[in-house]
Amino acid sequence: ISTSKTPPGSGGSDGASSSNADGTRPSPLTAGGSSTVYPIANRAVQYWRSNAPASNTKYWGPSQYGIDTEQALADYWAGLYGFENGDGGSAPFDASVTLSHSGTGLEKLRNGQVDIGNSSAPVAAELSDASESALAKFTNHVVGVDAQPIVVSEEIYEAGVTSITAATLKSIYEGEIDDWQQVPDYEGPSKSIQAIGRAEGSGTDTAFRKNLFGDANAPIPGVDLRKGENQQVKTVVSSSSNAIAYMALAFVDDSVPATTLIFNGKTFTPGKNLADPDYPLSRDLHMYTYEGTTKKEAALLRMIISDYGQQRFVTESGYAALTDDRRRNQLSKLPDTQ
Amino acid sequence: MSTADGGRFGRLQNLDEGTRRVGAGSAVTIVATVAAFLLFPAATIYPLLGFLAVVAYGWWRYQEATAKVVMALMTASTVVILGLITLYLLWQSVPVLRQMGIGLLTHVGATMWSPNDGVFSLVPMMWGTFLTTIIAMCVAGPLGIAGALFTSEMAPRWAREIIKPAIEVLAGIPSIVYGFLGFVIVNDYMMRELSLPIYGSLFGAGVVIGLMALPTIVSVAEDALAAVPDEMKDGSVALGATSWQTITAVTLPSAFSGVSAAIILGVGRALGETMAVTVMLAHTQTLPDPLYDVFGPNGQETLTSLIASQYGIASGDHMSALFAAGVVLFITVLTLSIGSQLVEARMREKLGGGA
Amino acid sequence: MNTDASRNDLVKRGNSTLGVAAVLLAAGALLGALLGALALFEAFAVTDAVAGLSIARWFGVLLAGLGVALLGVGATSRAGLVRSEPDRTAGPVAGVAFSLVGLVIGGLLASQTLGFGTLWPIGALIVGAVALLLTVYPRGDLGATLPSGLLSLFTGIVVATGVIAPGWSWSPIPGSFTLPGDIAVPLLAIVVGFLVAWMAARAYGGFGTQGKQASAYLLVSASAAGMLALLVVLVSYIVVRGWAPMTEGVKWGLFWANWTYFYVPPIHRYVVIDGPVLWFHWPFVMNGHALLNDVNGIMPAIVGTVWLVLGAIVFAVPLGVGAAVFLTEYAGQSRFTQLVEVSTNGLWSTPSIVYGLFGWAFLVPRLGNGFSILSGQLVLGFMLLPLVIITSREALTSVPNAYRDASAALGVGKWETIKSVVLPAAMPGVTTGIILGIGRIAGETAPILLVAAGSPFPSDAPNVLTSFQLSATPPFVTNDALLQATSALPYQLYAVITAGVNKNAGLAWGTALVLLLVVLSFYAIGIASRIYFRKRLEA
Amino acid sequence: MSDSSTTETAEDEQPTTTTTTAGETVEEVQDEWIEYDFDGPAKFSATDLNVWYGDDHALHDITIDIPENSVTALIGPSGCGKSTFLRCLNRMNDRIKAARVEGSVELDGEEIYQEGVDLVELRKRVGQVFQSPNPFPKSIRDNIAYGPRKHGDINTGLLARLLGGDDREREEELVERCLRGAALWEEVSDRLDDNALGLSGGQQQRLCIARALAVDPEVILMDEPASALDPIATSKIEDLVEDLAEEYTVVIVTHNMQQAARISDQTAVFLTGGHLVEYGDTDQIFENPQSQRVEDYITGKFG
Amino acid sequence: MSDSSTTETAEDEQPTTTTTTAGETVEEVQDEWIEYDFDGPAKFSATDLNVWYGDDHALHDITIDIPENSVTALIGPSGCGKSTFLRCLNRMNDRIKAARVEGSVELDGEEIYQEGVDLVELRKRVGQVFQSPNPFPKSIRDNIAYGPRKHGDINTGLLARLLGGDDREREEELVERCLRGAALWEEVSDRLDDNALGLSGGQQQRLCIARALAVDPEVILMDEPASALDPIATSKIEDLVEDLAEEYTVVIVTHNMQQAARISDQTAVFLTGGHLVEYGDTDQIFENPQSQRVEDYITGKFG
Ligand SMILES: Nc1ncnc2c1ncn2[C@@H]1O[C@H](COP(=O)(O)OP(=O)(O)OP(=O)(O)O)[C@@H](O)[C@H]1O
Ligand SMILES: Nc1ncnc2c1ncn2[C@@H]1O[C@H](COP(=O)(O)OP(=O)(O)OP(=O)(O)O)[C@@H](O)[C@H]1O
Ligand SMILES: [Mg+2]
Ligand SMILES: [Mg+2]
Ligand SMILES: O=P([O-])([O-])[O-]
């Protein structure tokens, strides 16, 4: 038995689950959709929720990014829009991000089921039957740039398919070529091609069709297998010996080697010049808001679009950051800070 | 004895007015509550309070009648809920039926499923469901009946007492666990060993579903076999028949309805299995070529995996078509369930006299 | 009627030559099948060499040997060199089995080896018919041994001579599967091994009724054993893979920590009472997924499952039990009850994805227009409802009428009887049924995916307990947390699959194990309680 | 299971008489027994009682008076309708969906088959003990107190205590009295809170009798109460029945002729098809039955 | 199973001593009945037969010879072990997991509790009819032909016809003979293909007897074959049993003393605890029982 001035445990971290004393903690911000944007959004939300103090240079350290504040991470970004600090060290408001694909995200956004709809293709291509006025309700926030790589199974890569021309790629996805022996450079036994596609409605799929075939609804009958998310595509490609797939850059690693793409005579090599603006399969990554952008949404988006966000979330996810011009342009779409 | 004489020689007559009063009161108030909820939601509280008051008063005054009324209301709401689900499914699938007509269930062509072109034919998915179910039952049927026979007729008592509950527990393994194993092990194995063209096959999915349905079949069939009266079996053994002859000639035929119910239950589970197929199959809405090719890249979609993979991007006719897939599933399992109940009723009729 | 002279002996003092030979044969054949299965599951490679010969060829040698031995056994029995009591024929079951094998072999030979093209059915039919005749026409001992012995010998030779061997491959459908030799050989060993063991067991029983019994028992027991082994392997596989991730970072110990405290105004201080506490930290089930965690865990999924299941119970159990009581005790047998029975049975077997679809399209837009625990609870409740009705009705009808009669004869009214006699007596059955139902809905993924699933890797669970608020308008009690999306154990596993298995393999196996433990313990509790109550009833 | 249809009966029994044997025999005998006269009032008077199960005519025109405070045995071969008749006396037949009752039964002169009869009240006055012991799966005490508690004669439990009306003592007393009445007190007084299902068959049956006594009935109906019991338990029940007749009217169905002879004051003999063929003083019935068929039955020529 | 152990036996027989009454009675009476002499050979000879169910000693040292071609009745109160003894005679007790048999039973001088006994063969020779009729849910014909078909004595069906050995006519003949033997032919000859479950209880039981006859047994064991039947069906079965004794050895368990008296040639009386207390000519047992307890039992003082 002892005595003290304060109750034990006070001031300690009681965990993020406790709410403000008056119970007015704003409801959580929800984002959902694209599995391409997911790495960015998820990183951002994880960082947000950790609400690292300014002293934590590993995750926050504002001075590294030219920000002058003593506040913790989420406190600072939310504070820009007047949100009060969370209780017990947690973020002023909670945020979460779900994972499916662009079509679902935009659909949910339109139905009011999420605050932010992640999409890796423009809404106009994604909801191709929507009217102008319907599309006008979406506010587009570009948060990063993806250069869609073409990946093949390791065995194929080792059998010589380290580069592929746009024409071959097209014939594979149009179903005209279905054996690797029909692919130039391939030096191996006859092997059927497993052309992997993403679910219809995914931004990766939409962007791929739009960029390669010129039409977001172009039929690609060569697809043998469709998976809902990028990560599943990666699993399939790495577990197969005959697969080719398009996906998002963030998911490329040694188990799913990316090939060089030859487009109109120009060679685009992964790790070198995929990020070039003229790479045909490059695309913007979007986080849409619906019927304007609220302060809550803006707080998170501002963090992602900021220089800090671009470095910590976009680049580290494996995507290309926005150029300064585009960044400023995007920031200008957000409501003003207080 | 000590009871008051009034009680002892009380009137035999006593009118049951409780049911009428409570019944009328609660019926009026509950209807008012629902009406208020639909018309003036803000005023719902008053009839609801009224209803609660009626029930409370009834409970105190005529408990017997009130209990009956409350339970009747519970029954009614159960029926309403279950009916609502059924009707809603049917109603939602009307638009696509209008658009596709019977073609929804019969259309065969180059494109059979294309939301962009407004073509919705469930044929590939029904075929996929059919094939996976057949494969599953080829695995689970014989093994399941063998397991049931072994457990109920052959295993020593101690073994039976371990196996039976163990099998029942195994029947509880969630299907996503099977899906996970199927995705990371079965698909991988088949891809590697059989040089499958793509990662996933109807065959692999069917086998996994079969394994999943197996414990259910064993357990239900075992119950049916164990329920065959010993007198029946003794009758055969006492005639000098061997145990195996007794099993085939007496036990199995007598348990026929139960064993077939087990199989039908297994079929039902196989038909309705969602997660394993969703994660294992390639989601190609085409017909296999040739039709019986359960290893090839085509036709890898079932009714359930169609719904699970497309609900998120569907709207309009597309959504309606998914509901139609649900209705097809629903009607199939309902038919199976009614069929098995009929078989059971017939068998009961047939066996009713004796045993 | 038989004369006494034709009576068989009551006591058989067996000539055991046949028995011993048959046991050896059956054991050899089963060993072949077992090795085949092991090879199939890649316990070893058939290309490995043992004693100068590849394992694949050893399979061939074994099969050929078995075939010769089986033929020998059949011949000695036919010649009367050993005592046996063969039936007139090997029977229709064996006939069908071997004619099917014949059909397959004939078809394959005709189409693949001899190149009959579209005429292959002729070859199939011929070989099938010959196999059928060979099986059913001769006396029981020959019929049993001849086709199986020949089959075994034939496959044995084909494999031993390397006609079918690793490197050989067969792809009947272009663009579909390819059956390689190192799969085909074990497969042949399994199939032929079983057929030989089957017929060897007949020899063991003297080729008569006893033989048929022995052979059937062998087949059935072997299949059952295989099935059990498979299921056990499956579960142990998950346990083995999931154990390490699940228990990573578990720490416990005895600590001196705060028990309670209170504020004493006169001294303006808090009085703090400390004491020893057992401290236990199991990160996998106590943590969520967060940036700063040492071990990421699945606590939000566990809590989510608890809330979903609780809600479903609160919703479905009273309704279902009430309806069951009404239907059984008051409504009697009528068209209406029959209809309810049919529809509950139908709805119980309705696929969960259909419920999910209903929830997604009907409930989600109406309940806060977002994925929510509440929708999940309701959908799971809808799924549970038919089961509760079915099991409760079963339990209620199995309450002996003697109880109701006894109570009625004491001048006790119906509801009182139900309340104090029928329901208590039915309670074990009702509870058991509900527990089993909970086990099932706790593992459901599809409906959760469609109506309740939130972030795949959440850091916190929704805080349902402290979020209740009263209000004056319907629904009078609100709970924001109930309107939030949540994770749940089965969804957590699905999330790993969609978000990439490679990166999260440990998490996936751990989740699978926890899910298995949670669901199976529901089942185990349900089944144990059923056994307990049944025992008590019998005693 | 053995619905002995009437045709087969007629075909098979072929006694000495000629045409419609069954009807005639019944008529004959009825003339006799209807004159059976007893002292004191009739507790039950059944008049032209007929019962059908669906189309199955299970009781034919039963007319019988049952005297108060005595033991009346109903005997007859299996399926002759003894149980059916017994269940008419407290309207337990109402609980069988297929059963239809016509005719009249009066209890103390009041018709029990009229509209508005309160079955609960009737069954309080006419208790019943069944063939196989059927105690509730509760404690011995709860079994006994079950009826009175449900009738509100005894209030126990938390609520009752809060309201100040705890009848705990009266309950104790009642339980003891009834158990003594059923000759069970000595055996169970030290384990009143044990589950009744733990008792032996004979004890369970006496418990059921005690349970019936607790409602303080006027009549106790017993349907083969000892058929499931061993000889020792049977003899205990028999002794008990004889004692009960001092305070209650007992109507007992039995298969066992010796038992009927031992314990009953008067005996009614039913024969196949649901006819009451003979009724009178037990001694007289057993020593000097009026009809050949009854004599055949009693001497074991059939049944 | 077959080793007739000695320790427990010795303990229990207490030959001359006088302490335990049961022991005394048994000893006394055994001296008497053991001298029961019959003409002709013994079909069964049981010697020191003991049966336990788990720890429950259900039969004590039964020694008895059962003569050929006659009806032997086993009577005794419920639970005294009649059924248990009966099931020892065709080793149906082997099917009860808990049962353990010690001692010896000889069938025509051949020990049935020894290694290598072919149970199928034994049960072909010793048929059994059970308490409640248990026909298979098949046609009447299939019920009768079941045994012979299973034993391969009769081959029917497509395969048999193809192989040239169709025994259809022999089967017809067999079915008729057995049904006549069981006094059922007249009633069912026009509906041999109907399901046997459609028959009445009595007919079903006779069908079960016919089914047993079809295997051409030497002995027919019957365990209360009429207890579930109505009087008319019972009397048919009784007539049948008497007829059967001309060709077969019948051993019948019954609860019904009158029945035993009517149909059996010799009677064995078991009393509670599994003791055989008296055995002899039926007339003698019923008119002049040696032991007081048997007399009490027979006159209905208990049981
Ligand atoms: N619940 C019922 N439904 C239809 N028929 C019934 C029912 N109960 C009895 N019966 C028929 O009514 C007749 C008389 O039956 P009851 O039970 O009264 O005979 P019982 O004399 O009590 O016979 P037992 O001595 O076997 O108990 C029988 O033919 C029987 O089959
Ligand atoms: N399967 C069994 N398991 C355990 N105990 C048994 C079994 N069968 C009989 N018993 C016991 O063995 C004893 C003798 O039973 P058995 O059935 O032989 O008596 P019974 O004379 O045929 O009686 P009943 O006239 O009631 O048929 C009884 O105490 C009984 O409880
Ligand atoms: Mg009766
Ligand atoms: Mg018996
Ligand atoms: O970004 P997607 O997941 O929609 O391809």
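Predicted, not measured: the structure shown is a model, and the values here were computed from it. Just so you know, the residues in each chain are numbered from 1, in the order the chain's sequence is written. The naming scheme follows written order: chains are lettered A onward, ligands numbered 1 onward. Note on the predicted model: pLDDT of at least 70 is required for a residue's local features to be given, and 80 or more for side-chain atom pairs to be given and counted; whole-chain, interface and lining totals, by contrast, use all residues. For side-chain calculations, the full set of non-hydrogen atoms in the structure is used, while hydrogens and water are omitted.

### As for the overall build of chain D
Across its full length, chain D carries 13 helices and ten strands. When the 303 residues of chain D are sorted by exposure, 53% land in the buried category. In this analysis, two residues are considered to be in contact whenever any of their non-hydrogen atoms come within 4.5 Å of each other. Long-range contacts, defined as pairs at least 24 residues apart, comprise 67% of the intrachain contacts of chain D with a sequence gap of at least 6. Here the open area of atoms and residues is found with the Shrake-Rupley method and a 1.4 Å probe, where only the protein chains shown may cover a residue. Counting only carbon and sulfur atoms, one obtains 45% of the accessible surface of chain D, whose full area is about 13,100 Å². For the purposes of this entry, the term helix denotes a DSSP run of H or I that reaches at least four residues, the term strand denotes a run of E that reaches at least two, and both are numbered from the N terminus. Accessible area is worked out with a 1.4 Å probe on protein chains only. A residue is then buried under 20% of its type maximum, exposed over 50%, and partly exposed in between.

### Concerning the interface of chain A and chain B
In many reports, interface size means the accessible area that the parts give up when they come together. Counting residues at the interface gives 20 residues for chain A and 21 residues for chain B. In total, chain A and chain B occlude about 1,500 Å² of area from one another, counting both sides; carbon and sulfur atoms represent 52% of this. Any carboxyl oxygen of Asp or Glu that lies within 4 Å of a side-chain nitrogen of Lys or Arg is treated as forming a salt bridge with it. The interface formed by chain A and chain B includes zero salt bridges. Any N or O atom pair separated by 3.5 Å or less is treated as a polar contact, with the protein-specific requirement of one donor-capable and one acceptor-capable atom, and with residues adjacent in sequence counted only for side-chain atom pairs. Taken together, the links from chain A to chain B amount to six residue pairs in polar contact (both at pLDDT 80 or more). At the level of elements, helix H3 (102-110), strand E10 (225-227) and helix H9 (230-239) of chain A are the ones that each hand at least two residues to the side of chain A that touches chain B. For the side of chain A that touches chain B, a count of residues per class yields three nonpolar, twelve polar and five charged. Throughout, the accessible surface (probe 1.4 Å) given up by two parts as they are put together, summed over both, is called the buried area. In the scheme used here, Gly and all other residues not listed as nonpolar or charged are polar, with Ala, Val, Leu, Ile, Met, Phe, Trp, Tyr, Cys and Pro taken as nonpolar and Asp, Glu, Lys and Arg as charged.

### Examining the side chain of Ser-102 of chain A
Residue and element names in this part refer to chain A. Tracing the chain through its elements places Ser-102 in helix H3. You can call Ser-102 buried: its relative accessible area is 1%. Each residue touching Ser-102, except ones within four places of it in the same chain, is listed here: Gly-33, Ser-34, Asn-118, Ser-119, Ser-120, Ala-121, Glu-126, Gly-201, Ser-202 and Gly-203.

### Focus on the pattern of salt bridges
For the structure on display, the rule yields 69 salt bridges over all chains. For Lys-266 of chain A, the salt bridge goes to Asp-278 of chain A, with nearest N and O atoms at 2.7 Å. Of this pair, Lys-266 of chain A sits in strand E13 (residues 266-268) while Asp-278 of chain A sits in the loop between E13 and strand E14 (282-290), placing them twelve residues apart in sequence. When its relative accessible area of 44% is taken as the criterion, Asp-278 of chain A is described as partly exposed. Members of the salt-bridge network, linked through shared partners, are Arg-160, Lys-164, Glu-168, Glu-222 and Asp-223 of chain B together with Arg-530 of chain C.

### Some remarks on the pairing of strand E7 (residues 219-223) of chain E
Two faces belong to every sheet, and in a regular strand the side chains alternate between them. Residues and elements named next belong to chain E. Burial analysis of E7 places five of its five residues in the buried class, which makes it a mostly covered element. Burial along E7 is two-sided: the residues Val-219, Leu-221 and Asp-223 and Ile-220 and Met-222 are all buried. Direction of pairing for strand E6 (residues 126-129) relative to E7: parallel, over a ladder of four bridges. Residue Val-126 lies in a different strand from E7, and its bridge partner there is Val-219. The pairing of E7 with strand E8 (residues 249-253) spans five bridges and is parallel. In the sheet register, Asp-223 faces E8, and the bridge partner there is Val-253. Whether two strands pair comes down to DSSP finding at least two bridges between them.

### Side note on the site of ligand 1
Residue and element names in this part refer to chain D. Distances are taken per atom, and a residue is near a molecule or strand as soon as one of its heavy atoms is within 4 Å of it. Residues in contact with ligand 1 amount to 13 residues; listed here are only the nearest, Ser-78, Gly-79, Lys-82, Ser-83 and Thr-84. In the model, an oxygen atom of ligand 1 is placed 2.9 Å from a nitrogen or oxygen of the Gly-81 main chain. With respect to ligand 1, the side chain of Glu-224 contributes an N or O atom lying 3.4 Å from an oxygen atom. In isolation ligand 1 offers 630 Å² of accessible surface; the protein chains occlude 71% of this area. Every element with two or more residues in the shell around ligand 1 is listed here: strand E2 (56-67) and helix H3 (82-89).

### Notes on the confidence of the model for chain D
A residue's pLDDT is simply how confident the predictor is in it, with values from 0 to 100. Averaged over all residues, the pLDDT of chain D is 79; the fraction at 70 or higher stands at 82%. Our summary of model confidence lists the complex with pTM equal to 0.85 and ipTM equal to 0.83.

### Some words on the confidence of the model for chain A
Of the residues in chain A, 93% have a pLDDT of 70 or more, and the chain-wide mean is 85. Note that pLDDT drops below 50 for residues 10-23 of chain A; the model gives that stretch ten contacts with residues more than four away or on any other chain.

### Some words on the interface of chain B and chain C
Opposite the 92 residues of chain B that make contact, chain C presents 89 residues. Carbon and sulfur atoms supply 79% of the area buried between chain B and chain C, which totals about 7,900 Å² over both sides. A salt bridge links Arg-530 of chain C to Glu-168 of chain B; the shortest N-O distance between them is 2.5 Å. Linking chain B with chain C are twelve residue pairs in polar contact (both at pLDDT 80 or more), by the criterion used here. In terms of residues, the side of chain B that touches chain C owes the most to one element, helix H4 (residues 63-92) of chain B, which gives 17 residues. Per-class residue counts for the side of chain B that touches chain C are 65 nonpolar, 19 polar and eight charged.

### Thoughts on the sheet that holds strand E10 (residues 275-281) of chain D
All names here are of chain D. Judged by pairing direction, the sheet is mixed, and its six strands sit side by side in the order E6-E7-E8-E3-E9-E10 without closing on themselves. The open sheet is flanked by strand E6 (126-129) and E10, the only strands paired with a single partner. Taken over all neighbouring pairs, the strand axes of this sheet differ in orientation by 15 degrees on average, direction set aside. Note on definitions: angles span 0 to 180 degrees between N-to-C directions of axes, and those axes are lines fitted to C-alpha atoms, for helices only across the stretch in contact. Across the sheet, helix H9 (residues 201-214) touches E6 and strand E7 (219-223), and the angle it forms with E6 is around 170 degrees.

### Observations concerning a negative patch on the surface
Residues and elements named next belong to chain D. A contiguous patch of negative charge on the surface is contributed by Asp-239, Glu-242, Asp-243, Glu-246, Glu-247, Asp-265, Asp-281, Asp-283 and Glu-287. Going through the elements one at a time, helix H10 (231-244) and helix H12 (282-287) are the ones with two or more residues in the negative patch. Here the element with the most residues in the negative patch is H10; it accounts for three residues. With respect to the element layout, Glu-246 can be found in the loop between H10 and strand E8 (249-253). Taking relative accessible area as the criterion, Glu-246 reaches 64% and is therefore assigned exposed. Think of a patch as exposed residues, more than 30% relative accessible area, with no salt bridge, where like charges cluster within 9 Å and nonpolar side chains (Val, Leu, Ile, Met, Phe, Trp, Tyr) cluster within 5 Å. The sign given to each residue is positive for Lys and Arg and negative for Asp and Glu; His and the chain ends receive no count. A charge is said to be at NZ when it belongs to Lys, at CZ for Arg, at CG for Asp and at CD for Glu.

### Quick look at the site of ligand 2
Residues and elements named next belong to chain E. Ser-78, Gly-79, Lys-82, Ser-83 and Thr-84 are the nearest of the 13 residues found near ligand 2. Interatomic distance of 2.5 Å between a side-chain N/O atom of Ser-83 and an oxygen atom of ligand 2. Coverage of ligand 2 by the protein amounts to 65% of the 630 Å² it exposes when considered alone. For the shell around ligand 2, the secondary structure elements donating two or more residues are strand E2 (56-67) and helix H3 (82-89). In terms of residues, the shell around ligand 2 owes the most to one element, H3, which gives three residues. Its residues assigned to classes, the shell around ligand 2 comprises four nonpolar, six polar and three charged.

### A short note on the arrangement of the chains
Here the protein chains form eight pairs of chains in contact, of which the pair with the most contacts is chains B and C. The smallest C-alpha distance separating chain A from chain D is 39 Å, and no contact links them. The two partners chain A and chain E share no contact, and the minimum distance between any of their C-alpha atoms is 50 Å.

### Quick look at the nonpolar core
Note on terminology: a nonpolar core comprises buried Ala, Val, Leu, Ile, Met, Phe, Trp, Tyr and Cys residues joined through side-chain atoms within 4.5 Å. If you look at the biggest cluster of nonpolar residues, it comprises 255 residues, and the most contacted ones within it are Trp-48 and Trp-77 of chain A together with Leu-122 of chain B. Residues in contact with Trp-48 of chain A, not counting those within four places in the same chain, are Leu-73, Ala-74, Trp-77, Ala-78, Ala-91, Phe-93, Ala-95, Ala-299, Leu-300 and Met-303 of chain A.

### A closer look at the sheet that holds strand E4 (residues 99-107) of chain D
Strand pairing within a sheet occurs via backbone hydrogen bonds; the two strands may be parallel or antiparallel. Residue and element names in this part refer to chain D. Judged by pairing direction, the sheet is antiparallel, and its four strands sit side by side in the order E2-E1-E4-E5 without closing on themselves. Two strands lie at the open edges of the sheet, namely E2 and strand E5 (110-111), each paired on one side alone. As judged from the two bridges shared by E4 and E5, these two strands associate in the antiparallel manner. Across the sheet, residue Leu-107 finds its bridge partner in E5, namely Glu-110. Packing of H3 onto the sheet brings it into contact with strand E1 (42-53), E2 and E4, and relative to E1 it is tilted by some 120 degrees.

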